[in-house]
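Observations on the three-dimensional arrangement
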Amino acid sequence: MAQLEGRLAEMRAAQETQRAEVNGRRQAAEGVRQARLAERDAMAGSVNRALRQRYERLRTVKLTRVVMALDGAACSACFTTVPLNRRNQIRAGTLIDACESCGVILFAPEEIE
Ligand SMILES: [Zn+2]
């Protein structure tokens, strides 16, 4: 038993430098992350509040595919047809709306001539 404990202590000592290095890298990464989160918050401050809340809510339940393009007459996430009136408003930029079926925020892609 004492032999095993001695061996454990040896192994811990051998890993000390590497552990310190990993900790240093982790702290540096955390610093970068905090700076990026602050930048994101500053940018998001210019977004309409209700729209931002909707986006953040979607982000908590879906990891990706929160803002999706209209694909012809349909939502490009779930392929449910979006009513013509709402499609026209989204294309005209007078409405930012969510898909009635899956909830993603829809936008009109630029028309390719
Ligand atoms: Zn959808």
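None of the values given here were measured: they were computed from a predicted structure. (Residues numbered from 1 in each chain as written. Predicted model: local features only at pLDDT ≥ 70, side-chain atom pairs only at ≥ 80, totals over all residues.)

A short note on the overall build of the protein
Helix and strand counts for the protein stand at three helices and four strands. From first element to last, N terminus to C terminus, the protein shows the α and β order α-α-β-β-α-β-β. By principal-axis analysis of the C-alpha atoms, the protein measures approximately 80 × 30 × 30 Å. The burial tally for the protein puts 5% of its 113 residues in the buried class. Counting only contacts in the protein whose residues sit at least 6 apart along the sequence, the fraction spanning at least 24 positions is 41%. (Helix = DSSP H or I, 4+ residues; strand = E, 2+ residues; numbered from the N terminus. Buried ≥ 20, exposed ≤ 12 C-beta atoms within 10 Å, placed from the backbone. Contact = placed C-beta atoms within 7 Å.)

So, the domain arrangement of the protein
If you check the domain split of the protein, you get domain 1 (1–46) and domain 2 (49–107). A C-alpha centroid distance of 39 Å is found between domain 1 and domain 2. (Domains from an automatic or database assignment.)

Re the environment of Ile105
Note on placement: Ile105 falls in strand β4 (residues 105–107). C-beta crowding within 10 Å serves as the criterion here: with 17 such atoms nearby, Ile105 is assigned to the partly exposed category. Sequence-wise, Ile105 and Ala9 are 96 residues apart; in three dimensions their C-alpha atoms are separated by 56 Å.

With respect to unusual backbone geometry
The residue Phe79 is not glycine, and still its phi comes out positive at about 65°. Secondary-structure assignment places Phe79 in the loop between β2 (74–75) and α3 (84–92).

Description of the sheet that holds β2
Two modes of strand pairing occur in sheets, parallel and antiparallel, and in both the strands are linked by backbone hydrogen bonds. A sheet is described by the order of its strands in space; here four strands give the open sequence β2-β1-β4-β3, paired in mixed fashion. If you trace the sheet from one side to the other, it starts and ends with β2 and β3 (97–98), each paired once. Alignment of strand β1 (residues 67–71) against β2, held across two bridges, turns out to be antiparallel. Following the sheet pairing, Leu70 is matched in β2 by Cys75. (Pairing = 2+ DSSP bridges.)

A short note on helix α1 (residues 2–44)
Over its 43 residues, α1 runs 58 Å from end to end, which matches the ideal 63 Å to within 8%, given 1.5 Å per residue. Helix geometry: α1 is bent most strongly at Glu16, by close to 45°. (Expected span 1.5 Å × (residues − 1). Bend = angle between axes of the 7 residues up to and from the residue.)

Regarding the nonpolar core
Core analysis: the biggest nonpolar cluster contains six residues, these being Cys75, Ala77, Val82, Cys99, Val104 and Leu106. With residues up to four places along the chain from it excluded, the contact list for Val82 reads Leu70, Ala73, Ala74, Cys75, Arg87, Cys99 and Leu106. (Core = buried A, V, L, I, M, F, W, Y, C linked by C-beta atoms within 7 Å.)

Some remarks on the environment of Arg49
Its place among the elements puts Arg49 in helix α2 (residues 49–61). Spatially, the C-alpha atom of Arg49 lies 28 Å from that of Ala73, the residues being 24 residues apart in sequence.

Quick word on the pairing of β1
Regular strands place side chains that alternate from one sheet face to the opposite one. Pairing analysis gives three bridges linking β1 to β4, with the strands arranged parallel. Bridged to Val67 within β4 is Ile105. Hairpin connection from β1 to β2: two residues lie between these consecutive antiparallel strands, with Gly72 at a positive phi of about 65°.

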